[in-house]
Amino acid sequence: MASKKQTMAAAAGAAALFGTATFVTSAGSSGNLRATVRSSNRAAAEAPSTSKTGFQLTATAAACVMAAQGRKAVTASKHQVTLTAFENELGVQAPVGFWDPVGFTSDGDVAVFKRRRSVELKHGRISMMATMGYITPEVTGKLPGFLSPSAGLKFADIPNGLAAISKVPVAGWAQIAAYFGFVEFSGGFDDYKSGTPGDYGFKVLTSSDPEEETKKLSAELANGRLAMMAIIGMFFQDGLTGSAWGDWANYTASPLRAFENEMGAQPPFGFWDPVGFTADGDVDAYKRRRQTEIKHGRIAMLATMGYMTPEITGKWPGFLSPSAGLKFEDVPNGLAAISKVPVEGWAQILGWMAFCETSKSQAPGTPGAVGDFGWKLITSDDPVVKERKLASELANGRLAMVAIMGMFFQDGLTGSAFGDFAIKQGSAWLAFENELGVQAPVGFWDPAGFTADGSVENFKRRRQTELKHGRISMLATMGYITPEITGKFPGYLSPSAGLKFADVPNGLAAISKVPAAGDFGFKVLTSSDPAEKTKKLSAELANGRLAMMAIIGMFFQDGLTGSAWGDWANYTASPLRAFENELGVQAPIGFFDPFGMTKDGDMEAFKRRRATELKNGRVAMLATMGYIVPEYFRFPGFCSPSEGVKFADIPNGLAAISKVPAAGWTQWFLFLGLIEKGVYTYDPTRSPGDFKNAGVLGVPNGSTMVPGEGRNRKLNSELANGRLAMMAIIGMFFQDGLTGSAWGDWAQYTDSPLRAFENELGVQAPVGYWDPMGMSKDGDLKTFRRRREAELKNGRVAMFATIGFITPEYFRFPGYLSPAKELKFSDVPNGLAAFSKVPLTGWIQILIFCGMVDFGLYRADDSRDPGDYENAGILGVPNASGPMSDVEGRKRKLNSELANGRLAMVAITGMLFQNGMFGTTGPAMWGFEA
């Protein structure tokens, strides 16, 4: 069942598709219509073969209209000209240009055009008001008091939408009609004859700049068109469902509901048929389409796996066609394979498909008509489980159909089975791939295809907008954070209003307190070095994008919880809270459901998922132990005496799969089936994971635990360990598959570009070279050196900062930090609270010192190692002694510096986080007192 927001989004999306998307930017200012007609006629007479893009579009539109009206082709040239009479008017915007598919303007009558434009503006303005009238009562509430005191009718009594019509008294309708009449007659009816259509003397959308005025008036037209689409959609939903937002539950008469309990109707969409295939309620047609959907889904799942499997597991050994000398490994992946399969192969494929299709009757009423062909892999004795499995098949098939279409598209577009962007040289997007903001690892990212037309002018306009939004978002994000950490400015924000900075709350609540003011125009990011300037501007773009995401998240949290930092305790209406006291809800995360699987508050679904989580966790714990134990101990004797396979002969990890004989796999499946059906039988009357024949922690026939704190602690531990084991076993599989070693021996993974840096400083046991985000996978030595230098600087600063957190707890300097301010060192608190005590001159001294160290001592030199500066000697100490003679000792010390710096970066981040959250420093941060 669609929610109000989903329904509104659908209506707005449809309206946007047919309305606003058509009208983006102004095509130019209004021109003299008759002059345009004359020039167009003259142009047509002098140059009938002129090939202009806009001319062709309008000619095609006119020709289509005339064909539909049954006119002769000879009249086409006349209408190709008359349509151009209005192509410079307001509302003619890219990408459609002048759009008149019905041919209203085909006669070129200027007076009629103006009259229609006047009507369009009126309708658009009324529709904008009507759309807001639908939305506003839902968002802001209704006006207080009485609409009609004499009738005792309050505003709050009037329902939203069409139902309001029956509530307004006759006197109210008279007032509305009188007001309409006043507005209509006072403005006159000849605006389109004597002046500009829609101009009634009351000008809000205007400007002294003609181009700006044209843009505003074009925007009004576009918004009015969108509003006309939107209000029609709202009326349709309201009239159909009786609810202002089209609640599906209220629309019981729909023939679509005949199938809402069928397979495949799953949340969050429910029964989804946007094209209305089932609108006639024909059960036989529905079953035929369902059969087709199942077939297509199964084929798509096989096809999707066929795309992926050769990339991951490799191809079969031997020959696909011995007679043609064609090996499986010679067949490329993806669409390119079509050209490699011999004719006999295609005959076999078609024969097999025909056999599958015709070997079972699919007539209406037969099992085959609903996708049941006798071979039942997805089945169960439990009807609920069986239905869930079949629904999963449908959902997976739908996903696979989307996936395989995407794979075909990528493959056909790029010639690569997985759509390598570098191969697609013809893309208009590549026109901008060297612009600012194109940064690793995403590169040029335009998923919505805004730059698909290759328009440099549009790109620059959007880039300007992005920069503005980014700068505002960076300031807004800092504005959210700074008052929480450093406090607020002293004194008054508005002396005349008696408003202190301290009185302004943080977050959205501040909007109601701040008086109006503003400024624009300030350049900070510049440099005489073009490369440095480019780097700074690229960084600004990246930071702006991050800030836009951050500020949206902050607004969302603030609006949802009423707290600038989104305090969970304030959000009591969340359905997620229904499960916050369940097992597995542990500090520091609390109840963790980032995908919102439990947002519907369905206890049964929660229990089913919890039971699945417990089973998977238990299996993962056993699997993880199964990876570890054989490294230290194996059973003596034979795994299979008949096959002569000893336990000692079975390798650890994924390689063991190839060694287990068929009888062994059979025993496994039987054992798993016995456990699943005989021991771990789901019982909805018991807690998830608590099975009748499986006691403590799932051990078969184990004892039970007395309810209480100890039981909860052990069950929580099981859940936590199971979650850890699921992560661990996935990591082990990944390492094993990548390296061929159960423990992911790095030495065996020789293809990795990361190995270009495995002999650099900082590569230490037990992790080795660690780059989980793949920053160095391009093998770029220059970038690696730059990042290593930044790591060393940050590490050195972090070591100082960590020591700076700890030392004042045991020792402080005597005397004054600022004699002029009478500020002693002993008066400065430890941690973040110290920010508020350091005077302005102190901050200036700190910044000057940092600049002197960074620009005077730590100057990068490409001829020296990262972190090795001419004026900073051993371990970065300014003007320290020269190079160390002991090569091994030097390497050990430099490695120690890197390791300690990394530890210090983690440590200081944790200290700042703890200090900011709990306000504690020193031993109190760690849970004990000195």
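This is a predicted model, so every value here is computed, not measured. (Residues numbered from 1 in each chain as written. Predicted model: local features only at pLDDT ≥ 70, side-chain atom pairs only at ≥ 80, totals over all residues. Heavy atoms only, no water.)

## Some thoughts on the overall build of the protein
Part 1: Within the protein one finds 19 helices and 12 strands.
Part 2: The proportion of buried residues among the 930 residues of the protein is 27%.
Part 3: Taking the intrachain contacts of the protein between residues at least 6 apart in sequence as the baseline, contacts between residues at least 24 apart amount to 54%.
Part 4: Carbon and sulfur atoms provide 63% of the accessible area of the protein, an area that totals close to 60,600 Å². (Helix = DSSP H or I, 4+ residues; strand = E, 2+ residues; numbered from the N terminus. Buried < 20%, exposed > 50% of the residue type's maximum accessible area, 1.4 Å probe, protein only. Contact = heavy atoms within 4.5 Å. Areas by Shrake-Rupley, 256 points an atom, 1.4 Å probe, with all protein chains shown as cover.)

## Some thoughts on the packing of helix H5 (residues 110-139) against helix H8 (residues 210-241)
Part 1: One can describe the packing of H5 onto H8 by two numbers: an axis separation of 7 Å at closest approach and a directional angle of 55 degrees. Considering their axes alone, H5 and H8 lie oblique with respect to each other. Crossing of H5 over H8 shows left-handed handedness. Residues Arg117, Glu120, Leu121, His123, Gly124, Arg125, Ser127, Met128, Ala130, Thr131, Tyr134 and Ile135 of H5 pack against Glu220, Leu221, Asn223, Gly224, Arg225, Ala227, Met228, Ala230, Ile231, Met234, Phe235 and Asp238 of H8.
Part 2: Here the residues of the contact of H5 with H8 sort into 12 nonpolar, six polar and six charged. (Axes fitted to C-alpha atoms, helices over the stretch in contact; angles between N-to-C directions. Parallel < 35°, antiparallel > 145°, perpendicular 65-115°, else oblique. Left-handed = near helix turned anticlockwise from the far one by under 90°. Nonpolar A, V, L, I, M, F, W, Y, C, P; charged D, E, K, R; others polar.)

## Here's the deal with the UniProt feature "binding site: chlorophyll a 4" (unreviewed entry) in the protein
Part 1: As recorded in UniProt, the sites labelled "binding site: chlorophyll a 4" (unreviewed entry) are Glu220.
Part 2: Relative to the helices and strands, Glu220 is located in helix H8. (UniProt positions renumbered as here; feature names shortened; annotations may be inferred.)

## Thoughts on the packing of aromatic side chains
Part 1: Scanning the entire structure with this criterion turns up 12 aromatic pairs.
Part 2: Ring plane angle 65 degrees and centroid distance 5.4 Å describe the contact between Phe489 and Phe501, whose orientation is recorded as edge-to-face. Pair noted here: Phe489 is in the loop between helix H12 (456-485) and strand S7 (492-494) and Phe501 is in the loop between strand S8 (499-500) and helix H13 (530-561), with a separation of 12 residues, a long-range link.
Part 3: Classification of Phe489 by relative accessible area gives exposed; the value is 62%.
Part 4: Taking 4.9 Å as the distance between ring centres and 70 degrees as the angle between the ring planes, the aromatic pair formed by Trp665 and Trp668 counts as edge-to-face. A residue pair is termed a helical-turn pair when its members lie 3 or 4 positions apart in one helix, as Trp665 and Trp668 do in helix H15 (residues 662-679) at three residues.
Part 5: A residue is classified by how much of its surface remains accessible, and Trp665, at 27% relative accessible area, is partly exposed.
Part 6: Under the relative-accessibility criterion, Trp668 is labelled partly exposed at 48%.
Part 7: Three or more aromatic residues joined by ring pairs form one cluster here, namely Phe633, Phe635 and Phe647. (Phe/Tyr/Trp six-rings, centres within 6.5 Å; stacked < 30°, edge-to-face > 60°.)

## Some words on the UniProt feature "binding site: chlorophyll b" (unreviewed entry) in the protein
Part 1: UniProt tags Arg125 and Glu184 as "binding site: chlorophyll b" (unreviewed entry). These annotated residues cover 60 residues of sequence, and their C-alpha atoms all fall within 13.0 Å of one another, placing them together at a single site.
Part 2: Tracing the backbone through its elements, the reader meets Arg125 in helix H5.
Part 3: Residue placement: Glu184 occurs in helix H6 (residues 170-187).
Part 4: On the basis of relative accessible area, Glu184 is assigned to the partly exposed category, the value being 29%.

## Some thoughts on a nonpolar patch on the surface
Part 1: Together, Leu162, Ile165, Trp173, Ile176, Tyr179, Phe180, Phe182, Val183, Ile232 and Phe235 give the surface a local cluster of nonpolar side chains, amounting to about 1,000 Å² of exposed area.
Part 2: Listing elements by their share of the nonpolar patch, those giving two or more residues are H6 and H8.
Part 3: The dominant element in the nonpolar patch, judged by the number of residues it contributes, is H6, at six residues.
Part 4: Along the polypeptide, Tyr179 turns up in helix H6.
Part 5: What makes Tyr179 exposed here is its relative accessible area of 53%. (Patch = residues over 30% accessible without salt bridge, like charges linked within 9 Å, V, L, I, M, F, W, Y side chains within 5 Å. Salt bridge = Lys/Arg side-chain N within 4 Å of Asp/Glu carboxyl O.)

## What to know about the pattern of salt bridges
Part 1: Here the structure, examined in full by the defined rule, presents 17 salt bridges.
Part 2: Across the pair Glu293 and Arg398 runs a salt bridge, and its minimum N-O distance is 2.6 Å. Of this pair, Glu293 sits in helix H9 (residues 283-312) while Arg398 sits in helix H11 (residues 383-414); the two residues are 105 residues apart in sequence, bridging distant segments of the chain.
Part 3: One network of salt bridges, with partners in common, ties together Arg117, Glu120 and Arg225.

## Points about the packing of H9 against H11
Part 1: For the pair H9 and H11, the least separation of the axes is 7 Å and the interaxial angle reads 55 degrees. Judged on the interaxial angle alone, H11 and H9 are oblique. Where H9 crosses over H11, the two elements pack in a sense that is left-handed. Contacts from Arg290, Glu293, Ile294, His296, Gly297, Arg298, Ala300, Met301, Ala303, Thr304, Tyr307 and Met308 of H9 reach H11 at Glu393, Leu394, Asn396, Gly397, Arg398, Ala400, Met401, Ala403, Ile404, Met407, Phe408 and Asp411.
Part 2: Counted by class, the contact of H9 with H11 contains 13 nonpolar, five polar and six charged residues.

## Points about the environment of Leu715
Part 1: Structurally, Leu715 can be placed in helix H16 (residues 709-739).
Part 2: Among the residues examined, Leu715 registers a relative accessible area of 13% and is labelled buried.
Part 3: Residues Leu715 and Leu583, 132 residues apart in the sequence, show an inter-C-alpha distance of 7.2 Å.

## What about the environment of Gly901?
Part 1: With respect to the helices, strands and loops of the structure, Gly901 is situated in helix H19 (residues 887-918).
Part 2: In this structure, the C-alpha to C-alpha distance between Gly901 and Lys793, residues 108 residues apart in sequence, is 8.7 Å.
Part 3: Among all residues touching Gly901, those that are not within four sequence positions of it are Gly795, Ala798 and Met799.

## Side note on helix H18 (residues 840-857)
One turn of the α-helix equals 3.6 residues, which is why residues spaced by three or four share an orientation.
Part 1: Taking 1.5 Å per residue as the helical rise, H18 with its 18 residues ought to reach 26 Å, and the 25 Å between its terminal C-alpha atoms agrees with that figure.
Part 2: Every buried residue of H18 is listed here: Gly842, Val853 and Leu857. Angular distribution of buried residues about the axis of H18 spans 30 degrees; they occupy a single face of the element. For H18, exposure combined with an orientation more than 90 degrees from the buried face picks out Leu840, Leu847, Ile848 and Phe855. (Expected span 1.5 Å × (residues − 1). Arc of directions from axis to C-beta.)

## Here we look at the confidence of the model for the protein
Part 1: Across the protein, the average pLDDT comes to 74, with 72% of residues at 70 or higher.
Part 2: Here residues 1-81 is a poorly scored stretch, pLDDT under 50, and it has 99 contacts once near neighbours within four places are set aside; other chains count.
Part 3: Across residues 517-522, where pLDDT falls below 50, the model places one contact with residues more than four positions away in sequence or in other chains. (pLDDT = per-residue confidence, 0-100.)

## A look at the side chain of Ser818
Part 1: Note that Ser818 resides in strand S11 (residues 816-818).
Part 2: Judged by its relative accessible area of 10%, Ser818 is buried.
Part 3: Ser818 has contacts with Leu823 and Pro839, leaving out every residue within four places of it along the chain.

## Overview of the side chain of Asn652
Part 1: Along the chain, Asn652 falls in the loop between strand S10 (645-646) and H15.
Part 2: In this structure Asn652 comes out as buried when scored by relative accessible area, which is 14%.
Part 3: In terms of polar contacts, Asn652 uses its side chain to reach the backbone carbonyl oxygen of Tyr627, at 2.7 Å.
Part 4: A polar atom in the side chain of Asn652 sits 2.8 Å from the side chain of Glu631. (Polar contact = N/O pair within 3.5 Å; in protein donor to acceptor, adjacent residues only side chain to side chain.)

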